[in-house]
Amino acid sequence: MSSASSGAEPQTPAGGQAPLDPAQTVSPATPVDLAARYQRGDFLFTTAERALLAQGTLRTVTETDPRRLASAIPGVLAETGAPLAVGVLPFDTGPDTKVPGHLVVPRTVHRSEGVPSLPREALPAPSRVRAVPSPALHMDAVRAAVFALGERDLRKVVLARALDLEFAAPVPAESIVRNLAVGNPRHFTYAAELPGGRSLVGATPELLLRRTGRTVFSSPHAGSMPRSADPATDRANGEALRTSRKDQLEHAVVIDYLVEALRPFCRTLDVPAGPELVTTPAIWHLRTPITGELADPDITALDLAAALHPTPAICGTPTEGARDLVQELEPFDRDYYAGAVGWVDAAGDGEWAVGIRCAEIASTSMRLYAGGGIVAASDPQAELAETTAKFRTLLTAMGLEDLPA
């Protein structure tokens, strides 16, 4: 199923036609901090080494089937002469989904290198905060999930909860994005427009994949432990994660899935024997970097994203059963939370990050998301603490570190 929205600029469903627009330009690499130039409506994707800012809309392509979306984009880029497309895939990419992948061919693309050097911006406090579901109900859902794993022959399911924040004035998305980029330099900070006038903003530690020529790189994270301000406690938390049988199992499920998903596309795969410990400002993680060489150079970064997403890191496994359980136990639709966000260029190269540690922003409200992987050994109280720690990425960017989550 394809769809396209109306408006002053050309909007095109997958495979459709629209007038070419010669206004598309690409700026060379500059030292400017592109996060400082971001305005709501733009697409921003930053890492510790470089940033991409895409502005304006030359064409919009929407498609509920991510593989058809991936097939359509090379033709759209060839027709427009544009260098790349940017956008998001939803969490649910199953055959019955009504939430489309949403890609934009921008009018202007800017690139820069280096870590943003912006001052932290002060933000207003929300007028109302509501947890969805309540902490007690989330722990009940974890118990139900643990029971369902055995009943349905599932290895893992990922359950999320949300915080709804309301404000007296429009949400300052630009300030949130800049604070995220500065406060999380090793993350992938992103901002993307969604259908219906919402914005998805976040700073994720997890790269779904990067394609550069024939080289494919994925950096899956699974297994988490909160950081601590006390150095001794923080070190102990990291060591507890490294030796946790529950977290090692959760991580292995993700690695097994990604290796099997990548194998048909790659002539070689390099997979370390075990995970490594990495940190974000809020969380310890287990990570395993995977590198492969593509067998077919025509396979694009978006083709790979469509094939890999959703991984067990944000859904569970087996995928279909885990997705069904997520939809039964979570009291909201994920839409683009736990989707994929990134870009693909005319050569097929690109980067796609996992859409976590994020919020969807409307006019005067926003919804923050945080989730955790549930396996047979999961403890409801520990799972609640994990989601509370993961909310800190957004809350810290908003100056709300002490907000009860």
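Look up a bit, the structure's there.
Values in this document were obtained by computation on a predicted structure and should not be read as measured data. (Residues numbered from 1 in each chain as written. Predicted model: local features only at pLDDT ≥ 70, side-chain atom pairs only at ≥ 80, totals over all residues. Heavy atoms only, no water.)

Caption draft 1: Structural context of the overall build of the protein. Secondary structure assignment for the protein yields 9 helices and 24 strands. Dimensions of the protein along its principal axes, counting C-alpha atoms only, are 55 × 50 × 40 Å. Across the 405 residues of the protein, 56% fall into the buried class. The long-range fraction of contacts in the protein, counting pairs at least 24 apart against all pairs at least 6 apart in sequence, stands at 76%. For the protein, the computed accessible surface area is about 15,800 Å², with 53% contributed by carbon and sulfur atoms. (Helix = DSSP H or I, 4+ residues; strand = E, 2+ residues; numbered from the N terminus. Buried < 20%, exposed > 50% of the residue type's maximum accessible area, 1.4 Å probe, protein only. Contact = heavy atoms within 4.5 Å. Areas by Shrake-Rupley, 256 points an atom, 1.4 Å probe, with all protein chains shown as cover.)

Caption draft 2: Seen up close, helix α9 (residues 380-397). Between its first and last C-alpha atoms α9 spans 27 Å; for 18 residues at 1.5 Å apiece the expected length is 26 Å, and the two agree. Most pronounced at F391, the bend in α9 amounts to some 30°. Burial in α9 covers these residues: P380, E383, L384, E386, T387, A389, K390, F391, T393, L394, L395 and A397. Phi turns positive one or two residues past the end of α9, at G399, with a value near 75°. (Expected span 1.5 Å × (residues − 1). Bend = angle between axes of the 7 residues up to and from the residue.)

Caption draft 3: Molecular detail of the sheet that holds strand β18 (residues 283-287). Sheet architecture is open: 3 strands sit in the order β15-β18-β17, paired in antiparallel fashion. With partners counted over all chains shown, the strands left at the sheet margins are β15 (221-226) and β17 (276-279), one partner each. The average angle at which neighbouring strand axes cross in this sheet is 30°, direction not considered. In the sheet, β15 pairs with β18 via 4 bridges, with the strands oriented antiparallel. Within the sheet, the bridge partner assigned to M225 lies in β18 and is W284. Lying on the sheet, helix α5 (residues 231-242) is in contact with β15, β17 and β18; it crosses β18 at an angle near 30°. Helix α6 (residues 245-262) contacts β15 and β18 of the sheet and is inclined by roughly 155° relative to β15. (Pairing = 2+ DSSP bridges. Axes fitted to C-alpha atoms, helices over the stretch in contact; angles between N-to-C directions.)

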